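Letter by letter, the chains look like this.
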Amino acid sequence: MTSLLIRALIFDFDGLILETEEPIYRSWKEVYEAHGVQLPFELWVKTVGSSNQAFHPQLHLEERLGGPLPQDVIDRRVARRVELVLAEPLRPGVVDLAKAARAAAMKVGIASSSSRDWVKNHLERLGIVDLFDCLRCRDDVEHVKPEPDLYLASLDCLGVAATEAVAIEDSPNGVIAAKRAGLRCVAVANRITAGLDLSQADLRLTSLADVTLPQLIEKLGRPR
Ligand SMILES: [Mg+2]
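Since we're looking at a predicted model, the values are computed, not measured.

**Topic: the overall build of the protein chain**
- Looking only at helices and strands, the protein chain features nine helices and six strands.
- For the protein chain, the spread of C-alpha atoms along the principal axes amounts to about 60 × 35 × 30 Å.
- Within the protein chain, buried positions represent 55% of all 224 residues.
- Across the protein chain, every contact between residues at least 6 apart in sequence was considered, and the portion connecting residues at least 24 apart equals 65%.
- Of the roughly 10500 Å² of accessible surface on the protein chain, 49% is carried by carbon and sulfur atoms.

Following this line, the structure appears as structure tokens:
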């Protein structure tokens with residue numbers, strides 16, 4: 001059996017540490033439905049793990065309606081998103097895994113296509129910001145996922161090589177970014193990404209609560 005030397009875990013944030021993907025999707029779907037327009041899931045998933053550059057839900061709806069959305073509709077959508085996100089607990093197993101990595105003298109980072117404010121504010125609210133040695137967010141790079149920039153910046157910040165780090169992701173864009181940067185990648189899907197193509201991941205888990213850190217590393221060392 002191969003024994004891997006893993007010195008860092010790099011977590012995605014949205015949909016992986018906190019299930020924000022379904023709340024964000026739902027907040028837009030409700031606005032679309034209120035205007036009698038379908039929100040196409042196949043277009044929506046382009047944004048998951050990436051940014052609105054891949055698909056812009058507001059511009060798409062405004063195009064379909066032939067005019068701008070009233071400001072109060074936009075404001076209510078943001079408030080609804082906040083309400084739904086705040087109702088979400090941390091996803092199972094994340095904190096235990098990050099703590100186990102720290103206890104094993106490994107580095108722990110976050111690589112997120114979202115803004116630093118978004119990620120940091122949630123981590124602070126949830127009381128887990130100190131678990132992470134390094135946050136790399138869209139403010140820090142030229143290209144978000146699926147480009148490798150966020151993972152390369154995280155490796156640089158943590159001082160480890162790609163072969164020594166494991167990425168943990170929930171979305172195809174995230175998995176592709178990690179693999180392009182040369183990392184091993186574990187995929188843990190959520191309600192939005194469960195049906196999407198995560199086949200580039202080295203390992204797929206239903207929940208991070210299903211494994212200990214040694215088990216995770218052992219599974220990654222097995223031949224595929
Ligand atoms: Mg994600």
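Now that the structure has been shown, the text picks up again.
**Details of the domain arrangement of the protein chain**
- Looking at the assigned domains, one finds that the protein chain contains domain 1 (8-18 + 90-221) and domain 2 (21-86).
- Inter-centroid distance (C-alpha atoms) of domain 1 to domain 2 is 25 Å.
- Taken together, the contact pairs 18 residues of domain 1 with 14 residues of domain 2.
- When domain 1 packs against domain 2, close to 1300 Å² is buried across both sides, 65% of that on carbon and sulfur atoms.
- Broken down residue by residue, the surface that domain 1 buries against domain 2 is led by Trp118, Asn173 and Ile192, which jointly contribute 40%.
- Joining domain 1 to domain 2, the criterion identifies one salt bridge.
- Between Arg191 and Glu22 there is a salt bridge, with its nearest N and O atoms 3.3 Å apart.
- Counting across the domain 1 and domain 2 interface gives five residue pairs in polar contact (both at pLDDT 80 or more).
- Here the side of domain 1 that touches domain 2 takes three residues from helix H6 (residues 116-125), the largest share from any one element.
- Looking at the side of domain 1 that touches domain 2 residue by residue, the classes come out as six nonpolar, seven polar and five charged.

**Remarks on the packing of helix H1 (residues 21-34) against helix H4 (residues 71-86)**
- Two elements in contact, H1 and H4, have axes separated by 8 Å at closest approach and are oriented at 145°. Note on packing geometry: the crossing formed by H1 with H4 is right-handed. The residues of H4 that touch H1, namely those facing Pro23, Ile24, Arg26, Ser27, Trp28, Glu30 and Val31, are Val73, Arg77, Arg80, Arg81, Leu84 and Val85.
- For the contact of H1 with H4, the residue count by class is seven nonpolar, one polar and five charged.

**Things to note about the coordination of the magnesium ion**
- Of the protein atoms, only Asp12 (OD), Asp14 (O) and Asp170 (OD) coordinate the magnesium ion, at distances of 2.0 to 2.2 Å.
- Positions of the donor residues of the magnesium ion, expressed as sequence spacing, correspond to D-x1-D-x155-D. Of the two residues, Asp14 is situated in the loop between strand S1 (8-11) and H1 and Asp170 in the loop between strand S4 (165-169) and helix H8 (172-180); the sequence distance between them amounts to 156 residues. Neither Asp14 nor Asp170 differs from the other in exposure class; each is buried.

**Quick look at the pattern of salt bridges**
- Under the defined criterion, the tally for this structure stands at 16 salt bridges.
- The salt bridge involving Glu30 is made with Arg80; its shortest N-O contact spans 2.8 Å. With a gap of 50 residues between them, Glu30 in helix H1 and Arg80 in helix H4 connect regions that are remote in the sequence.
- Via salt bridges that share partners, Arg26, Glu30, Arg80 and Glu83 belong to a single interconnected network.

Rules of the game
Residues numbered from 1 in each chain as written. Predicted model: local features only at pLDDT ≥ 70, side-chain atom pairs only at ≥ 80, totals over all residues. Heavy atoms only, no water. Helix = DSSP H or I, 4+ residues; strand = E, 2+ residues; numbered from the N terminus. Buried < 20%, exposed > 50% of the residue type's maximum accessible area, 1.4 Å probe, protein only. Contact = heavy atoms within 4.5 Å. Areas by Shrake-Rupley, 256 points an atom, 1.4 Å probe, with all protein chains shown as cover. Domains from an automatic or database assignment. Buried area = accessible area lost by both parts, 1.4 Å probe. Salt bridge = Lys/Arg side-chain N within 4 Å of Asp/Glu carboxyl O. Polar contact = N/O pair within 3.5 Å; in protein donor to acceptor, adjacent residues only side chain to side chain. Nonpolar A, V, L, I, M, F, W, Y, C, P; charged D, E, K, R; others polar. Axes fitted to C-alpha atoms, helices over the stretch in contact; angles between N-to-C directions. Left-handed = near helix turned anticlockwise from the far one by under 90°. Donors = N, O, S within 2.8 Å, 3.2 Å for Na, K, Ca; no water.

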